[in-house]
Amino acid sequence: MNSFFLRKGVNISVKTYAVTSLSYMALGLFASLIIGLIIQTVGEQLNWPYFIEMGALAMSLMGPAIGVAVAFGLKAPPLVLFSAVVSGAAGAELGGPAGAFLAALLSVEAGKLISKETKLDIIVTPFVTICIGFTVAYFIGPAINAGLVRFGELIMWATDQQPFVMGIIVAVLMGLALTAPISSAAIAIMLNLEGIAAGAATVGCAAQMVGFAVSSYRENKVSGLAALGIGTSMLQVPNIVRNPLILLPPTIAGAIFAPLATMVFLMENNAAGAGMGTSGLVGQIMTFSVMGFETRVLIAVLFLHIVGPALVSLSLSEWMRKRNWIKLGDMKIDQG
């Protein structure tokens, strides 16, 4: 059985399903829901109906995009990959983003197992893939989606009740998820985080990216500043494994500014922006979309998402360098 799974490219592991698949799901989300929301927002602000329609179309194709993204990430053969469009669409229709992910994941793995095992491959493979995908979407998707959404509602309720403590918890956990090789964006969207909980999550994620970008400037220069600051702090994962202490400055910065976001500035966001931090400035664009394109919001975003975390992270990292807890080269990234 193991040799058969290996031959078919099915690797049953936490890394495959919790890291690789979720990461590719996030790419599917960005290529549909998130970019569509950005395009729609631009269209609404500039009163361009063409952009509004374009954005709405992109958002409506979230399910198929997740299906293809997950299939591609799992190295599915062509017929399975193309059939995953239907699995993802069914999952999204019946179970939201979580349903799309689960339907695509299980149907793709089943499709890979059956692929090229019969002489009627062109019929059997897409049939099995679509059948498994729709079955998962129909029977499991709604329950999984409802459970995650309710959990997200619990987080938002708790943050409203205890903005100081929960603001810190949400910011720290979502920030760590963003830097870890999993997808904070996918988590935020599956939980449907909104309101000040989403605002705290944005602060935590932004602190990780900006914090690492600024703290490692002496090693990575301007290219690293851009790669980490508007790309992804995930580039620091190999360095974190070697010296976990480098996580402290950006994480502490997120914990410091999250309560200011939840209690003073009352920062809000939506699910699409909550887990993005400063990646492509999506977190900031979505903040403006939710709170309005106003000067006070701009000042709050600059202070809580960029300037504040940068100053705190830089100060802490320099203090740690003086004590030799962080050494020169500890935050050097491979920029290809």
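Up top you'll find the structure we're talking about.
Overview of the structure. (Residues numbered from 1 in each chain as written. Predicted model: local features only at pLDDT ≥ 70, side-chain atom pairs only at ≥ 80, totals over all residues. Heavy atoms only, no water.)

Relative placement of two packed helices is described by the angle separating their axes and the distance separating the axes. The N-to-C vectors of helix α5 (residues 78-114) and helix α7 (residues 141-161) enclose an angle of 110°; their axes lie 7 Å apart at closest approach. Judged by the inter-axis angle, α5 sits roughly perpendicular to α7. Contacts between α5 and α7 involve L94, G95, G96, P97, A98, G99 and L102 on the former and, on the latter, G141, P142, I144, N145 and L148. A breakdown of the residues in the contact of α5 with α7 according to their chemical character gives seven nonpolar, five polar and no charged. (Axes fitted to C-alpha atoms, helices over the stretch in contact; angles between N-to-C directions. Helix = DSSP H or I, 4+ residues; strand = E, 2+ residues; numbered from the N terminus. Parallel < 35°, antiparallel > 145°, perpendicular 65-115°, else oblique. Contact = heavy atoms within 4.5 Å. Nonpolar A, V, L, I, M, F, W, Y, C, P; charged D, E, K, R; others polar.)

Once that is clear, we can look at α7. Its 21 residues place the ends of α7 30 Å apart at the C-alpha level, agreeing with the 30 Å of an ideal helix rising 1.5 Å per residue. In this structure, the buried residues of α7 make contact with α5, α6 (121-139), α8 (163-179), α9 (184-191), α10 (195-215) and α13 (248-264). (Expected span 1.5 Å × (residues − 1).)

Even without a glycine there, the phi angle at K75 is positive, about 55°. Accessibility expressed as a relative area gives 71% for K75, which makes it exposed. Notably, N192 is not glycine yet its phi reads approximately 55°, a positive angle. As for its position among the elements, N192 is in the loop between α9 and α10. (Buried < 20%, exposed > 50% of the residue type's maximum accessible area, 1.4 Å probe, protein only.)

To continue, consider the packing of aromatic side chains. Taken as a whole, this structure holds 10 aromatic pairs when the rule is applied. Residues W48 and F51 carry aromatic rings whose centres are separated by 5.3 Å and whose planes lie at 85° to one another, so their mutual orientation is edge-to-face. F51 gets classed as partly exposed once you look at its relative accessible area, which sits at 25%. Relative to W325, the ring of W319 has its centre 5.2 Å away and its plane inclined at 90°; by these criteria the two rings are edge-to-face. For W319, a relative accessible area of 38% translates into the label partly exposed. (Phe/Tyr/Trp six-rings, centres within 6.5 Å; stacked < 30°, edge-to-face > 60°.)

Within the secondary structure, M166 is located in helix α8. For the pair formed by M166 and T262, sequence separation is 96 residues and the distance between their alpha carbons is 9.0 Å. The contact partners of M166, leaving out residues within four places of it in the chain, are I155, A158 and T159.

A few words now on the pattern of salt bridges. Between side chains of opposite charge, pairing is possible as soon as their charged atoms come close. Within this structure, the stated rule accounts for seven salt bridges. Among the ionic pairs, R7 bridges to E117, the shortest N-O distance being 3.5 Å. You can see R7 sitting in helix α1 (residues 2-7) and its partner E117 sitting in the loop between α5 and α6, a full 110 residues away along the chain. Note on E117: relative accessible area 37%, which makes it partly exposed. Put simply, E109 and K112 hold a salt bridge, and the shortest N to O gap is 3.0 Å. Taken together, the residues span about one helical turn, with E109 and K112 both in helix α5 at a distance of three residues. Ionic contacts of the salt-bridge type, sharing partners, join the residues R218, E219, E318 and R321 into one network. (Salt bridge = Lys/Arg side-chain N within 4 Å of Asp/Glu carboxyl O.)

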